[in-house]
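Descriptive analysis of the structure
Below are the chains, spelled out letter by letter.
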Amino acid sequence: MEKKFFTTVFFFIITFSAIAQSAIDTIAIKEQLSFILERDQKPRKTGDSVLFIHYIDSTNLIMLEAIVKKFGWPGRSLVGAKGNNTAWLVIQHADLQAQEKYFPMIKKSVEAGESRKMDLALLEDRILMRKGEKQKYGSQISINPKTGAQEIWPIEDEKNVNRRRLDIGLEPMEDYAKRFGMEYKLPEK
């Protein structure tokens, strides 16, 4: 009887320790992602340290890569919606090579319901724009080098862009363009 009691207690301690360790790791990952989010957004929102934005983005990528290497892509069930969005932001602000590397991983996360479809679409558009190709969802805006005006990067199959946007939870192009002070009209053909 005594041996059974100690075996049960030992099993409980080992199990509880494993669960507690997992919770501690999850909390630590969320805290690290929160730190990364603050670093990512500060220069973009306040202009503070904007001269160092490429350095900040590259060091954020190094920290995220360490998380991904140890735990896989940080989906919502591991780090919550905020942590998952932070991981995506780091990749969205990374160089093209990193974006192409992590795109398939984010796509699998979307298929598993762990990441948002719209995040994947925005990343896909950014990759296409950086490669000089037409985007699919109309999310990327560029500066016209001749006029200095903002304009929407060219869109593939533009007449159906709002249908694609709706499928992933994005607003119509007309509303999106207004947020940037632009007018947009779908092509007629």
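These notes cover the structure that comes with them. (Residues numbered from 1 in each chain as written. Predicted model: local features only at pLDDT ≥ 70, side-chain atom pairs only at ≥ 80, totals over all residues. Heavy atoms only, no water.)

**A look at the nonpolar core**
- By size, the foremost hydrophobic cluster in this structure holds 30 residues, and its most contacted members are L64, W73, I91 and I106.
- For this core, the secondary structure elements donating two or more residues are helix 1 (2-46), helix 2 (53-71), helix 3 (76-92), helix 4 (96-111) and helix 5 (117-130).
- The biggest single contributor to this core is helix 3, with six residues.
- Those residues in contact with I91 that lie beyond four places of it in its chain are L61, L64, W73, A98, Q99, Y102, I106 and L123. (Core = buried A, V, L, I, M, F, W, Y, C linked by side-chain atoms within 4.5 Å. Buried < 20%, exposed > 50% of the residue type's maximum accessible area, 1.4 Å probe, protein only. Helix = DSSP H or I, 4+ residues; strand = E, 2+ residues; numbered from the N terminus. Contact = heavy atoms within 4.5 Å.)

**A few points about the packing of helix 2 against helix 3**
- Between helix 2 and helix 3, whose axes approach to 10 Å, the crossing angle comes to 130 degrees. One way to sum up the angle between helix 2 and helix 3 is to call them oblique. Along this stretch, helix 2 crosses helix 3, giving a crossing that reads as left-handed. Residues N60, L61, L64 and F71 of helix 2 touch helix 3, and the partners they reach there are L78, A87, V90 and I91.
- Tallied by class, residues from the contact of helix 2 with helix 3 come to seven nonpolar, one polar and no charged. (Axes fitted to C-alpha atoms, helices over the stretch in contact; angles between N-to-C directions. Parallel < 35°, antiparallel > 145°, perpendicular 65-115°, else oblique. Left-handed = near helix turned anticlockwise from the far one by under 90°. Nonpolar A, V, L, I, M, F, W, Y, C, P; charged D, E, K, R; others polar.)

**A short note on the packing of aromatic side chains**
- Applying the stated criterion to the full structure yields two aromatic pairs.
- Taken together, a centroid distance of 6.2 Å and an interplanar angle of 45 degrees make the contact between W73 and Y102 tilted. Note that W73 is positioned in the loop between helix 2 and helix 3 and Y102 in helix 4, a separation of 29 residues in sequence. Of the two residues examined, W73 and Y102, each falls in the buried class. (Phe/Tyr/Trp six-rings, centres within 6.5 Å; stacked < 30°, edge-to-face > 60°.)

**A look at the environment of K185**
- Here K185 lies in the segment after helix 7 (173-179).
- Sequence separation between K185 and E174 is 11 residues, and the spatial gap between their C-alpha atoms is 6.5 Å.

**Re unusual backbone geometry**
- In this structure, S49 is a non-glycine residue whose phi angle is positive, near 65 degrees.
- In this fold, S49 is placed in the loop between helix 1 and helix 2.
- On the basis of relative accessible area, S49 is assigned to the partly exposed category, the value being 30%.
- A positive phi angle, close to 45 degrees, is found at D157, a residue other than glycine.

**Points about the packing of helix 3 against helix 4**
- Helix 4 packs onto helix 3 with a crossing angle of 150 degrees between their chain directions and a minimal axis gap of 10 Å. With respect to each other, helix 3 and helix 4 are oriented roughly antiparallel. Taken as a pair, helix 3 and helix 4 cross one another with a handedness that is left-handed. Contacts between helix 3 and helix 4 pair N84, I91 and Q92 from the former with A98, Q99, Y102, I106 and S109 from the latter.
- Looking at the contact of helix 3 with helix 4 residue by residue, the classes come out as four nonpolar, four polar and no charged.

**Description of helix 5**
- The terminal C-alpha atoms of helix 5, which comprises 14 residues, lie 20 Å apart, in line with the 20 Å expected from a rise of 1.5 Å per residue.
- In terms of burial, helix 5 is a largely internal element, 11 of the 14 residues being buried.
- When helix 5 is considered as a whole, its buried residues turn out to be D119, L120, A121, L122, L123, E124, D125, R126, I127, L128 and M129.
- In the core, the buried residues of helix 5 are packed alongside helix 3, helix 4 and helix 6 (161-168).
- Phi turns positive one or two residues past the end of helix 5, at G132, with a value near 80 degrees. (Expected span 1.5 Å × (residues − 1).)

Any functional reading would require information that these geometric values do not contain.
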